[in-house]
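Coordinates in review
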Amino acid sequence: MAQTLHGMQVAVLAADGFEQVELTRPARALQQQGAEVTVVSPRPGSIRGMNLLVPGKKVHVDRTLLRARADDYDALFIPGGYVNPDILRQSDRALNFVREFERAGKPIAVICHAPWVLISADLVRGRRLTSWPGIRDDVVNAGGTWVDEAVVQHHNWLSSRGPQDLAHFDRAIVRHFARYAAGVTPAARFALEEDTEQEEGGWARWLLGGLAAAALGYASRDAVRGAMHTDDADGADGEYEDEDEYDDEYEEDDSDDDADASVPVGRRRGQGGDSAVPSPS
């Protein structure tokens, strides 16, 4: 079966304290459908996941916010957790990164506490979304309409309440991002949004019809990107003006990762450049 997201570039914006399954499961669902997932974070090295209040495994950071550009990605996903979105919402670079996706009308998916980042970016007013119930008041006070549903899609946004809804969210994020695949016209995208209000199977029929156009569009886009950009090394950068400004405590991550069995999610830089890392089993 053809992969519905083949060649799509997805940025996963995360920091320490992300809820582990809220990052790894959706990322794996996207990778299985052909998307190239890049973990973007305020600092280099690795970031620590959480299982509620218990420390989890680390995930390798593929690119820092100092180097990342929204123009290089087709979609944005922000996982939740108690700490992760609170760190991100205090980062001007993170907020500007999110605003660039919104200005371009690119798809954005959030889960659990991640809408905090959208709130701090001043993007929630007039939007319909869900979240972890504990931040319902934050969404409402920011001018949004909070809905108690497993998955809520409103224009280019997709939101979900938390880990209990991952079975729905994993399917929905693939469907949502596929609407924005290369070659999909706004009219066709709108028609698909109406289909998803009815039964889950409707989107698959539309996707099969649009796969050829999507594949052609991505091939053309990648060719242009290859001619215009060369990949820049991100080995030791972060939310700092230069490499020397970040604290030495972060440099222990590389030695820690193997011992901690860090979870491979995105792309890990090797001697020959970026190389895809298998998704977690």
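All figures in this text were calculated on a predicted structure; none of them were measured in a lab.

**Concerning the overall build of the chain**
Broken down by element type, the chain carries nine helices and 14 strands. Classification of the 281 residues of the chain by burial places 52% in the buried group. In the chain, the share of contacts with a sequence separation of at least 24, taken over all contacts with a separation of at least 6, comes to 70%. A total of about 12900 Å² of accessible surface is found on the chain, and carbon and sulfur atoms cover 49% of it.

**Side note on the sheet that holds strand β5 (residues 54-60)**
Across the sheet, which stays open at both edges, the three strands sit in the order β2-β4-β5 with mixed pairing between neighbours. Since the sheet does not close on itself, it has two edges, and those belong to β2 (18-19) and β5, each with one partner. Pairing between β2 and strand β4 (residues 46-51): two bridges, direction parallel. Across the sheet, the residue bridging to glutamate 19 is methionine 50, located in β4.

**A short note on the pattern of salt bridges**
Enumeration according to the criterion identifies eight salt bridges in this entry. Of the charged contacts in the structure, one is a salt bridge between aspartate 170 and arginine 25, with a shortest N-O distance of 3.1 Å. Residue aspartate 170 is found in helix α6 (residues 166-178), and its partner arginine 25 is found in helix α1 (residues 20-32); the two are separated by 145 residues along the sequence. Residue aspartate 170 is classed as buried on the basis of its relative accessible area, which comes to 12%. Salt bridges sharing partners connect three or more residues here, namely Asp148, Arg161 and Asp165.

**Let's talk about the sheet that holds strand β11 (residues 151-154)**
The seven strands are arranged β6-β3-β1-β7-β8-β12-β11 in an open sheet whose pairing can be described as mixed. Two strands in the sheet have a free side with no partner beyond their single neighbour: β6 (63-64) and β11. As paired strands, strand β1 (residues 9-13) and strand β3 (residues 36-41) are joined by five bridges and run parallel to one another. Bridge assignment links glutamine 9 to a residue of β3, and that residue is glutamate 36. Sheet contacts for α6: β1, β7 (75-78), β8 (108-111), β11 and β12 (157-160); angle to β8, the most-contacted strand, approximately 170 degrees.

**Overview of the environment of valine 98**
Considering the arrangement of structural elements, one finds valine 98 in helix α3 (residues 92-103). Spatially, the C-alpha atoms of valine 98 and leucine 118 are 7.6 Å apart, while their sequence positions differ by 20 residues. Residues contacting valine 98, with those up to four places away along its chain left out, are Leu13, Leu76, Ile78, Ile108, Val117, Leu118 and Leu123.

**Focus on the environment of glycine 162**
Counting through the fold element by element, glycine 162 comes out in the loop between β12 and α6. On the basis of relative accessible area, glycine 162 is assigned to the buried category, the value being 0%. Separated by 52 residues in the primary sequence, glycine 162 and valine 110 have C-alpha atoms spaced 9.6 Å apart. Leave out the neighbours within four places in its chain, and glycine 162 touches Glu22, Ile111, Cys112 and Trp132.

Procedures and definitions
Residues numbered from 1 in each chain as written. Predicted model: local features only at pLDDT ≥ 70, side-chain atom pairs only at ≥ 80, totals over all residues. Heavy atoms only, no water. Helix = DSSP H or I, 4+ residues; strand = E, 2+ residues; numbered from the N terminus. Buried < 20%, exposed > 50% of the residue type's maximum accessible area, 1.4 Å probe, protein only. Contact = heavy atoms within 4.5 Å. Areas by Shrake-Rupley, 256 points an atom, 1.4 Å probe, with all protein chains shown as cover. Pairing = 2+ DSSP bridges. Salt bridge = Lys/Arg side-chain N within 4 Å of Asp/Glu carboxyl O. Axes fitted to C-alpha atoms, helices over the stretch in contact; angles between N-to-C directions.

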